[in-house]
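The primary structure of each chain is shown beneath.
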Amino acid sequence: MRFFRLPLAFVCLLDLSNAALIRHTGMRGSSVRATPSTLAMKLADNGILGVGIIGAGRIGLVHLEALSQCESANAVIISNPTVSKAEAAAAKYKVSEFSGDAMEVINHPDVEAVWICSPSQFHADQIKACAAQGKHVFCEKPIATDLPETIEAINRCNEAGIKLMTALQRRFDPNFKRVKVAIENGEVGETVQIKLCSRDPAPPPFEYVKGGGGIFKDMAVHDLDMARFLMGCEPVEIMASGSCNIDKSINVLPGPEAFDTATVLMRFENGKEAMIDVCRQAPYGYDQRAEVLGQKAMIMTDNTYPNTARIFSADFTGNADMPYDFFMSRYKEAYVQETLAFVNCLVKDEPAPCSGEDGLIALVMAIAAGMSAEERRWVKFSELAPQLCALSSDLGVSSLTPEECAVELTSETGALNFAQLGGSLDFASSTKKAADKTRNALASLFGGFNKD
């Protein structure tokens, strides 16, 4: 295998005889794992964090651009299966090395943290490979394409003592962030209720929707996470409903995949509720708004426009242009801020601002929403505990009985103790056969998970 330095004439051979081979073909990695005692990372001891990027697509370039503007990070190498894309990105952003192989990023001696911006189906294997090499991980949503792989990837990172950040970028959007600050600073007083709206400019292609797990997993997951983020505590129960009003072709798909419109009501530990409406089409552009009513005041966000120009005429008063109609434009600043936030937490050795567990919780909320919509009833999050625990106990994954496991996972308020979820379902410590059986059973129960 080869990697390239700019200019292209410099070609070096890498000795990867001891490395797991995980390319975009989806090959499984080595079973060798790092532990906190074996890590030999310098963690930016010279003040500059060495970063590698996997993926030179749209989102990879957004993060690479942010890294190129960060004084405390240095992009060392970028990879992409189509190596010409990696080469072009390296030339544009003055990255010294590029490759067609993700493992050359992960194994690079000067890389301390890896930004995973590859297709969703490769995330879990690449995260586990990073953990084995003691490299911190920034991973685009989702961590994995199903619940078992998500838990396994998080466990590997915890065992290795490395930081894992899930890229739930809306938390870093200046608009939503300002709402969170207003809540924390008491500007609105005690929260009474939260409303979130999420509408895309146009429905995605049929093939995107098919097999993606439905509107709660591939779209509303961001809003479910934002509701939890703003409320500041865990959800207890959820009611969701869905319908098909835009693209009738998806009516043939199963469960929530047949929905292009949905409404969610979620109740939290503090007794407060959040309301969410999502739709795959808004003819006026990308519609992303939040509203928090407090006992002292109300705060809300508006949509983001390319400019602030407004027209005043005899028959129209309003913005001169439509809101952004592409998520990369709408959340460009959020992508930059989440990148800078992870660099900062690594340089200062602070907790990841949006952890792997946050990504796991978002997925569990989406699963519960789907159950509610299909069964047309309130679903308590505690209902998921016995199902998960019974499977883990039957297959020898957890040392706890199903009853003990369910107690560990359920708090007094009725919310799931998500911190225990990964530990109780520690696939990494089970035999491969048992882990594979568990993964298949859970995948059948909970379904897949599409990318953004």
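Criteria and thresholds
Residues numbered from 1 in each chain as written. Predicted model: local features only at pLDDT ≥ 70, side-chain atom pairs only at ≥ 80, totals over all residues. Heavy atoms only, no water. Phe/Tyr/Trp six-rings, centres within 6.5 Å; stacked < 30°, edge-to-face > 60°. Helix = DSSP H or I, 4+ residues; strand = E, 2+ residues; numbered from the N terminus. Buried < 20%, exposed > 50% of the residue type's maximum accessible area, 1.4 Å probe, protein only. Lys NZ or Arg CZ within 6 Å of the ring centre and 35° of its normal. Contact = heavy atoms within 4.5 Å. Expected span 1.5 Å × (residues − 1). Pairing = 2+ DSSP bridges. Axes fitted to C-alpha atoms, helices over the stretch in contact; angles between N-to-C directions. Patch = residues over 30% accessible without salt bridge, like charges linked within 9 Å, V, L, I, M, F, W, Y side chains within 5 Å. Areas by Shrake-Rupley, 256 points an atom, 1.4 Å probe, with all protein chains shown as cover. Salt bridge = Lys/Arg side-chain N within 4 Å of Asp/Glu carboxyl O. Parallel < 35°, antiparallel > 145°, perpendicular 65-115°, else oblique. Left-handed = near helix turned anticlockwise from the far one by under 90°. Nonpolar A, V, L, I, M, F, W, Y, C, P; charged D, E, K, R; others polar. Polar contact = N/O pair within 3.5 Å; in protein donor to acceptor, adjacent residues only side chain to side chain. Core = buried A, V, L, I, M, F, W, Y, C linked by side-chain atoms within 4.5 Å.

Undergrad: How should I be thinking about the packing of aromatic side chains in this particular structure?
TA: Given two aromatic rings, one states the distance between the centres and the angle between the planes to describe the pair. Overall, the coordinates contain six aromatic pairs when judged by the stated rule. Seen from their ring centres, Trp 115 and Phe 138 are 5.1 Å apart, and the 10° between their planes marks the pair as stacked. Remark: Phe 138 occurs in strand E7 (residues 136-140) and Trp 115 occurs in strand E6 (residues 113-116); sequence separation between them is 23 residues. The exposure classification of Trp 115 matches that of Phe 138, with both residues buried. Each residue in the set Trp 115, Phe 138 and Phe 342 is aromatic and connected to the rest through ring pairs, giving one cluster. The ring of Trp 378 has Arg 267 sitting right over it, with the charged end atom 4.5 Å from the ring centre. One residue, Arg 330, lies across the ring of Tyr 331, its end atom 4.3 Å from the ring centre.

Undergrad: Please explain the environment of Leu 61 as it appears in this structure.
TA: If you trace the backbone, Leu 61 turns up in helix H1 (residues 58-68). Looking at Leu 61, the relative accessible area reads 29%, which means it is partly exposed. When the C-alpha atoms of Leu 61 and Tyr 93 are compared, they prove to be 9.1 Å apart, with 32 residues separating the residues in sequence. Setting aside residues up to four positions removed in sequence, Leu 61 forms contacts with Ala 56, Ala 89 and Tyr 93.

Undergrad: Just to check I follow, could you spell out helix H11 (residues 332-347) for this structure?
TA: Helical periodicity: at 3.6 residues per turn, an α-helix aligns residues three or four positions apart in one direction. For H11, which comprises 16 residues, the first-to-last C-alpha distance of 23 Å matches the rise-based estimate of 22 Å (1.5 Å per residue) to within 8%. Those residues of H11 lying buried are Ala 334, Tyr 335, Val 336, Glu 338, Thr 339, Phe 342, Val 343, Cys 345 and Leu 346. Just downstream of H11, Asp 349 is the residue with a positive phi angle, here 55°.

Undergrad: I keep staring at the sheet that holds strand E13 (residues 287-294) and nothing clicks. Help me out?
TA: Think of a sheet as strands paired side by side through backbone hydrogen bonds, with each pair either parallel or antiparallel. A sheet is described by the order of its strands in space; here seven strands give the open sequence E14-E13-E9-E12-E11-E10-E17, paired in mixed fashion. Edge positions in the sheet fall to strand E14 (298-300) and strand E17 (379-380), since each has one partner strand and no second. Direction of pairing for strand E10 (residues 235-243) relative to strand E11 (residues 261-268): antiparallel, over a ladder of eight bridges. The partner of Ser 243 across the bridge, within E11, is Thr 261. Here helix H6 (residues 174-184) sits on the sheet in contact with strand E9 (191-199), E13 and E14, set at roughly 5° to E13. Running at roughly 55° to E10, helix H12 (residues 356-375) makes contact with E10, E11 and E17 of the sheet.

Undergrad: What am I meant to see in a nonpolar patch on the surface here?
TA: A contiguous nonpolar patch, built from Val 192, Leu 293, Met 298 and Met 300 and spanning about 330 Å² of accessible area, is present on the exposed surface. Counting through the fold element by element, Met 300 comes out in strand E14.

Undergrad: Even after reading the chapter, I still don't get the pattern of salt bridges, so can you show me in this structure?
TA: Side chains carrying opposite charge are able to pair once their charged atoms draw close together. Under the criterion given, the structure shown has 23 salt bridges. For the salt bridge of Lys 272 with Glu 190, the shortest nitrogen-to-oxygen distance reads 2.7 Å. Of the two residues, Lys 272 sits in the loop between E11 and strand E12 (273-279) while Glu 190 sits in the loop between H6 and E9, which places them 82 residues apart along the sequence. When its relative accessible area of 16% is taken as the criterion, Lys 272 is described as buried. Using a relative accessible area of 45% as the deciding quantity, one classes Glu 190 as partly exposed.

Undergrad: Help me understand the packing of helix H5 (residues 147-160) against H12, please; the structure alone is not making it clear to me.
TA: How two helices sit against one another is set out by the angle between their axes and by the gap between those axes. Where H5 meets H12, the axes come as close as 10 Å, and the angle between the chain directions of the two elements is 165°. Considered as vectors, H5 and H12 are oriented roughly antiparallel to each other. Judged by the twist between their axes, the crossing of H5 over H12 is left-handed. Contact residues: Leu 147, Thr 150, Ile 151, Ile 154 and Asn 158 in H5; Gly 356, Glu 357, Leu 360, Leu 363, Val 364 and Ile 367 in H12. Of the residues belonging to the contact of H5 with H12, the class tally is seven nonpolar, three polar and one charged.

Undergrad: I would appreciate a short explanation of unusual backbone geometry in the present structure.
TA: The phi angle of most residues is negative, glycine excepted, and most peptide bonds adopt the trans form. Note the cis peptide between Lys 141 and Pro 142, where omega equals 0°. If you trace the backbone, Pro 142 turns up in the loop between E7 and H5. In this model, Asp 349 sits at a positive phi of 55°, which is unusual for a non-glycine residue. One can find Asp 349 in the loop between H11 and H12.

Undergrad: Is there a simple way to explain the side chain of Lys 163 in this structure?
TA: Relative to the helices and strands, Lys 163 is located in the loop between H5 and strand E8 (164-167). Within the structure, Lys 163 has its side chain in polar contact with the side chain of Asp 349 (distance 3.2 Å). When residues no more than four places from it in sequence are discounted, the contact partners of Lys 163 are His 136, Val 137, Phe 342, Cys 345, Leu 346, Asp 349, Glu 350 and Pro 351.

Undergrad: Got a minute to help me understand the nonpolar core in this structure?
TA: In terms of nonpolar packing, the biggest core is built from 111 residues, with Ile 78, Trp 115, Ile 127, Leu 196, Phe 216, Leu 230 and Ile 238 touching the most fellow members. By residue number, the principal contributor to this core is H12, which donates eleven residues. Excluding anything up to four places from it in sequence, Ile 238 contacts Leu 224, Val 264, Leu 265, Met 266, Met 365, Ala 368, Ala 369, Ser 372, Arg 377, Trp 378, Val 379 and Phe 381.

Undergrad: Help me understand the pairing of E13 in this model?
TA: Here is the key point about a regular strand: its side chains alternate between the two faces of the sheet. Across eight bridges, the pairing between E9 and E13 is antiparallel. Following the sheet pairing, Gln 193 is matched in E13 by Leu 293. As paired elements, E13 and E14 share three bridges and run antiparallel to each other. Residue Glu 291 lies in a different strand from E14, and its bridge partner there is Met 300.

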